[in-house]
2 protein chains.
Amino acid sequence: MGSIDRRGLPVDLSHHINTKSKARHPSPLKDIIKFMNYDGMVSLAGGLPHPSLFPLEQVNFECLKPSASVSKDANGEAADLMRLTAGRGSSPGDLDLTQFLQYGSGSGNRELIELSKDLTERVHAPPCEYDCILHPGNTNAWSKVVGMLCEDDNFVIVEEFTYPSAQALWIPLGIKAVPVPADADGILSNKLRDLLINWDSKTAGAKRPRVLYLVSVGSNPTGVTISAQRRREIYDISVEFDLIIVEDDPYYFLQYPGYQTPSSENGCQAKTTDEFVKTLIPSFLSMDTQGRVIRLESFSKTLFPGLRLGYFIANPVFIERLLRATEVETQDPAGLSQAFTLSLLRRWGIDGYLTWLQNLQLQYRTRRDWLLDAFYSNFTVLAAENSPLVETQGLVACVKNKDDVLRPVFSFVDPGAGMFVWSKFYFGGVDRYTEIESESLDDPEQTFANELWKAWATELVLLTPGSYYHPWQGADKVTTKARGAEPRTAHFRFSFATPTEAQIHAGIVRVRKVIGKYWG
Amino acid sequence: MGSIDRRGLPVDLSHHINTKSKARHPSPLKDIIKFMNYDGMVSLAGGLPHPSLFPLEQVNFECLKPSASVSKDANGEAADLMRLTAGRGSSPGDLDLTQFLQYGSGSGNRELIELSKDLTERVHAPPCEYDCILHPGNTNAWSKVVGMLCEDDNFVIVEEFTYPSAQALWIPLGIKAVPVPADADGILSNKLRDLLINWDSKTAGAKRPRVLYLVSVGSNPTGVTISAQRRREIYDISVEFDLIIVEDDPYYFLQYPGYQTPSSENGCQAKTTDEFVKTLIPSFLSMDTQGRVIRLESFSKTLFPGLRLGYFIANPVFIERLLRATEVETQDPAGLSQAFTLSLLRRWGIDGYLTWLQNLQLQYRTRRDWLLDAFYSNFTVLAAENSPLVETQGLVACVKNKDDVLRPVFSFVDPGAGMFVWSKFYFGGVDRYTEIESESLDDPEQTFANELWKAWATELVLLTPGSYYHPWQGADKVTTKARGAEPRTAHFRFSFATPTEAQIHAGIVRVRKVIGKYWG
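Remember, it's a predicted structure, so these values are computed and weren't measured experimentally.

What counts as what
- Residues numbered from 1 in each chain as written.
- Chains lettered and ligands numbered in written order.
- Predicted model: local features only at pLDDT ≥ 70, side-chain atom pairs only at ≥ 80, totals over all residues.
- Heavy atoms only, no water.
- 1 Å grid on protein atoms, 1.4 Å probe; cavity = no way out; pocket = protein on both sides within 12 Å on 5 of 7 lines; lining within 4 Å.
- Points joined across faces, edges and corners; volume = space filled by probe spheres on them.
- Helix = DSSP H or I, 4+ residues; strand = E, 2+ residues; numbered from the N terminus.
- Nonpolar A, V, L, I, M, F, W, Y, C, P; charged D, E, K, R; others polar.
- Contact = heavy atoms within 4.5 Å.
- Buried area = accessible area lost by both parts, 1.4 Å probe.
- Salt bridge = Lys/Arg side-chain N within 4 Å of Asp/Glu carboxyl O.
- Polar contact = N/O pair within 3.5 Å; in protein donor to acceptor, adjacent residues only side chain to side chain.
- Core = buried A, V, L, I, M, F, W, Y, C linked by side-chain atoms within 4.5 Å.
- Buried < 20%, exposed > 50% of the residue type's maximum accessible area, 1.4 Å probe, protein only.
- Least-squares fit on C-alpha atoms with pLDDT ≥ 70 in both.
- Pairing = 2+ DSSP bridges.
- Axes fitted to C-alpha atoms, helices over the stretch in contact; angles between N-to-C directions.

(A) Up close: the layout of surface pockets. Here the second largest pocket defines a volume of roughly 1,400 Å³. Around the second largest pocket, the lining is made up of 48 residues, and of these Leu-29, Gly-46, Gly-47, Leu-48 and Tyr-103 of chain B lie nearest the centre. Of all the secondary structure elements, the ones that give two or more residues to the lining of the second largest pocket are α5 (138-149) and α6 (164-170) of chain A together with α2 (30-36), β1 (42-43) and α11 (316-329) of chain B. Tallying contributions element by element places α2 of chain B first for the lining of the second largest pocket, with 4 residues. For the lining of the second largest pocket, a count of residues per class yields 22 nonpolar, 20 polar and 6 charged.

(B) Structural view of the interface of chain B and chain A. Across the boundary between the two partners, chain B contributes 101 residues, which contact 101 residues of chain A. Between chain B and chain A, the buried area comes to about 8,900 Å², and carbon and sulfur atoms account for 63% of it. Area buried by chain B at its contact with chain A is led by Leu-44, Leu-53 and Pro-55 of chain B, which between them contribute 9% of it. In this structure, the connection of chain B to chain A is made through 2 salt bridges. In this structure, Asp-152 of chain A engages Lys-20 of chain B in a salt bridge whose closest nitrogen and oxygen atoms are separated by 2.8 Å. At the surface where chain B touches chain A, the tally comes to 43 residue pairs in polar contact (both at pLDDT 80 or more).

(C) Representation of the nonpolar core within the structure. One finds Phe-425, Phe-494 and Trp-519 of chain A together with Trp-519 of chain B to be the most contacted residues of the largest nonpolar core, which totals 325 residues. Sequence-distant contacts of Phe-494 of chain A, defined by excluding residues within four places in its chain, comprise Leu-371, Phe-375, Phe-410, Met-419, Phe-420, Val-421, Ser-423, Phe-425, Leu-463, Ile-508 and Val-511 of chain A together with Leu-44 of chain B.

(D) Quick look at the relation of the copies chain B and chain A. Once turned by 180 degrees and shifted 0.0 Å along the axis, chain B lies on chain A with an RMSD of 0.0 Å. Taken together, the rotation and translation describe the operation of a two-fold axis. No C-alpha of chain B approaches the rotation axis more nearly than that of Asn-60 of chain B, which lies at 2.5 Å. When you check the interface residues of chain B against chain A, 100% turn up at the interface there too, and the contact is symmetric in its surfaces.

(E) Region of the structure containing empty space enclosed by the protein. On inspection of all chains with the given rule, the structure shows 11 cavities of 30 Å³ or more. In this structure, the largest cavity occupies an estimated 150 Å³ of space. Along its surface, the largest cavity is lined by 15 residues, and Pro-136 and Ala-334 of chain A together with Pro-136, Arg-308 and Ala-334 of chain B are the ones closest to its centre. Residue composition of the lining of the largest cavity, by class: 6 nonpolar, 5 polar and 4 charged. Within this model, the second largest cavity holds a volume of roughly 80 Å³.

(F) Highlighting the pairing of strand β17 (residues 420-426) of chain B. Residue and element names in this part refer to chain B. Of all 7 residues that make up β17, 7 are buried, and the element is covered over most of its length. Side chains of β17 alternate between two faces, with Phe-420, Trp-422, Lys-424 and Tyr-426 and Val-421, Ser-423 and Phe-425 buried alike. Two elements, β17 and strand β20 (residues 489-495), share 7 bridges in a ladder whose sense is antiparallel. Bridge assignment links Phe-420 to a residue of β20, and that residue is Ser-495.

(G) Fine view of the sheet that holds strand β19 (residues 464-465) of chain A. Residue and element names in this part refer to chain A. Taking strand neighbours across the sheet as the criterion, the 6 strands line up as β14-β15-β16-β17-β20-β19 in an open arrangement whose pairing is antiparallel. Either end of the sheet is taken by a strand with one partner, and the two such strands are β14 (380-383) and β19. Taken strand by strand, helix α15 (residues 501-519) contacts β15 (395-400), β16 (406-412), β17 (420-426) and β20 (489-495), and its axis lies near 135 degrees from that of β16.

The quantities given are spatial measurements derived from coordinates; they are silent on function.
Shown next as structure tokens:
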């Protein structure tokens, strides 16, 4: 439980727990555990392997210091390292490794949970009582949340474009997405409200949805961060319509100031960790007075993906059910992942971790700038209201055609967070597209988008097709028209997470070359 | 796939894959991956975090050598250690750590899978084509197998007494157990056959079961290992009735020669690894000519539980579906667990690992002997046929009553494997039990078993109540009578995995003391 006792109590949300999750019972073996601690007790009850028979005696981790620059150049510049040790012996200061080699209780290491709570207090200060347990990565965390909240054939509310693996999990359960349109501030609260008010269970064949899944900061794929005002509206709607908000937030600490051109003029002065935390948009958790936000936190995204470690922050009623599922579905996250993360947090402290995150933010922001710099060098970028496409938001990348007329190619929003730029391409007036459209195909937009993608791949640059991120509303609704999308448009996602600056610039030159052929 | 090309092909078993698992599709992002390897390709498609931004630079593991005695005494006798290194640099011989820090493909590290296959060939030489992928521990592996094979409300065939967590997973799905009675050689094949022949879908409310779940070596709780002859009969029945055998086998390498009294006369000469492998009972996998055995292998049980690592061995049709579930439910097992295990297997080699397992077998066998030694010191132990309980198998622990007459207290089977001794207590003629029975309670056996358990706990010794291991056949069948169990009996499980020799002896003296009060 959170440590501030003036915190509010959650409202009763136990009716959100589905039939299967309600049917989970604690293992009867748990009843014995309390007896095991009696003085002088001999237990012939437990089935734990004997720790003397584990071959691992000591682990040393060599890690970067959080105050050092986290980026090393390709020449392998010497990094500022520190050494963390977890051993089976009892050297003072070292982490005792044995506890991480043995079976755990399911919730994860107690000290690591307490540090996770300290971090939660520092960053979110939730107004309502909550609890935390560890999980083996946000993929598995979301799987457990779906297993707790969704009945088969339910609907889940998602953003207009959403992370495909989050859907792939529940498609086999017969669960369907209800997408809500978004603008540059995130999903539209009035559209969300309309959807809920007008829900017709008979037509939909299922009850009004009760779960809202959001990657609310630097959404994958759209890069959009939901604004503070919009968040308050969405939270109020969740109270009004009894929704549970699942806040899957791996990019929370990767929030950037707006892009300035040229990007070299962007300030990048280090802040104190308190100042850094203040720059971050308030999470749904921070405004959750009722216990209806389930937040999925990731160490995998901030330290390294192979860690497969994160934690749930939620109403104790939900945490208890998630723990029951953990006991039979996964058990504790891997011991070495826990030992590494605890060693690191002990040494770095919460402040050191926040310093690390601030550096990470700077590094990915620099990468964002590289990509937008490349857009500005290769296209004429106009604010939407000054472009030939006044009805859109954000920025529009244009090229001049053979008659020297500026034509819009794609619009995008400066991503205020995350790793992606989402672009909407405009096919109207492109000769090749018009030709395809005249062939009366089912989905000319998708046909042309595929052709464009292949032309880029031939020029040795890969983007991710927007079709990957369409919410799954059932097998029959896949065409652009059936989705109700704007005619003569399609989306692509640009990622700036992995390539170097030189690769990004070369890539955008290639993107431009193909565009020149079609739009020029 | 296995490397021997004269291996048989599996029969078509795709009809065993349930509706939900069939509905899983590969991520569309996978289509892009093949393009990423083109020479000179710039990918703005992937969303992988940049490896320069991972704080872990190097890991050193200090491990026991497999040839050393794996047991260290409580005084911390110096162990024979070796050091394994996984680094981000390129020191020759070291493991390249970066691949374990990044996202994986879901199947796990390729080299570790190949080593798992080498081990599979060495130990099981499966006659039919198979494939392997890694999993994050047998708990999760079983969860994925249930997710692939079982429809809600199906029945699963299990041993008469079975591991409660394996059931706790599927109870919420409405799945029920069909227990098959067993003797000292494992479940009775004629009873299994009768069950399948006489299955009445109408009465049962579900189709004939198609999944047989077995911990076939050193079963938890019974300690029983299914004999080779019985295995062949069971496998033939699985072909006849189209069953999938799920072979959950964490104790496979902990197979012991029969207990001799006094145990000091037990030979314990080290064998070559080939000789060691020959002593092991043939697995179901080794006789699987059709691809209907799914084997769950555990590194967690043989190295350390916190590792959360093992692998599936199965028909490629099943492996492909298990991989689809892995992509959305868990992703790869934790990177540090994979890096540790690969480093260890590279250094130890398959032979070194088998040497480690042989030592592990010796250590747990010694613990088994400590427990049976304590039985022999505290009770008169008779072969069943020479005891007052001729109708049972194995051994009977007896005490003399006040009239100096030998009375049977509990029967047990010398566990030829694993970590447990399963005991059946006989309450007939115990005054206190007769008193309870006369009170016409619902379940006098369970009432007395609870009283006995509490009396032991008061004397500071804990056993595990047998009731924990009753198959779950629905909420209404819980009494001894309703289960069709032998009247006036109840079971308890003794574990010899964790306590020291002194603790085991002290524990059994306390068990004996309480027995003296009731049976004396």
